[in-house]
Amino acid sequence: MKKVYVLTAVLITGITLFSCESKTYSDLAGEVANPTYNANVKGIIQNNCVGCHNATDNQEPYLETYNEVKNACEAPGNKNLICRIQGSCGDIMPTSGRMPSVTIKIIEDWKLQGYLEN
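Residues numbered from 1 in each chain as written. Predicted model: local features only at pLDDT ≥ 70, side-chain atom pairs only at ≥ 80, totals over all residues. Heavy atoms only, no water.

Engineer: Even after reading the chapter, I still don't get helix 3 (residues 37-48), so can you show me in this structure?
Structural biologist: One turn of the α-helix equals 3.6 residues, which is why residues spaced by three or four share an orientation. Within helix 3, the full set of buried residues consists of Tyr-37, Asn-40, Val-41, Ile-44 and Ile-45. Summarising the axial view, the buried residues of helix 3 lie within an arc of 120°, below the 170-degree limit, and thus occupy one face. Facing away from the buried side of helix 3 by more than 90 degrees, the exposed set consists of Ala-39 and Asn-47. Each element contacted by the buried residues of helix 3 is listed here: helix 4 (66-74), helix 5 (81-86) and helix 6 (101-112). (Buried < 20%, exposed > 50% of the residue type's maximum accessible area, 1.4 Å probe, protein only. Helix = DSSP H or I, 4+ residues; strand = E, 2+ residues; numbered from the N terminus. Arc of directions from axis to C-beta. Contact = heavy atoms within 4.5 Å.)

As structure tokens, this is what we get:
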């Protein structure tokens with residue numbers, strides 16, 4: 001009889017683990033319908049990129065202003081900001097590890113919606 005209980009517990013645990021959504025709370029919490037640079041993108045860049053990508057540390061591309069971030073999103077090849085944060089070209093940025101997918105999506109949507117500033 002104990003075997004039945006143990007088998008049932010293992011089966012329920014297995015079903016529960018495999019049926020869970022793959023999105024985390026942090027992935028869902030930050031979704032933004034119409035991102036703008038000042039309201040959404042600027043904070044992401046300041047928190048994840050500007051520590052290295054600034055004129056003082058001379059790490060190009062500089063990502064301190066709206067125009068610098070916009071230009072980095074339009075750069076070709078492995079210099080493209082979105083490509084680098086997605087990890088689809090070159091080394092993934094930031095070097096501390098991939099940002100949550102919802103954070104990356106904010107920047108992607110900002111580009112798709114025409115780089116709105118305010």
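Engineer: Please clarify how the state of the cysteines should be interpreted in this entry.
Structural biologist: Joining two cysteines, a disulfide is a covalent bond between their sulfur atoms. Enumeration over the complete set of coordinates arrives at one disulfide. Residue pairing for Cys-83: its cysteine sulfur links by disulfide to Cys-89, the two sulfurs lying 1.8 Å apart. For the pair shown, Cys-83 and Cys-89 are each scored as buried. Not engaged in a disulfide, the cysteine Cys-49 finds its nearest cysteine sulfur in Cys-52; these two sulfurs lie 8.8 Å apart. (Disulfide = S-S within 2.5 Å.)

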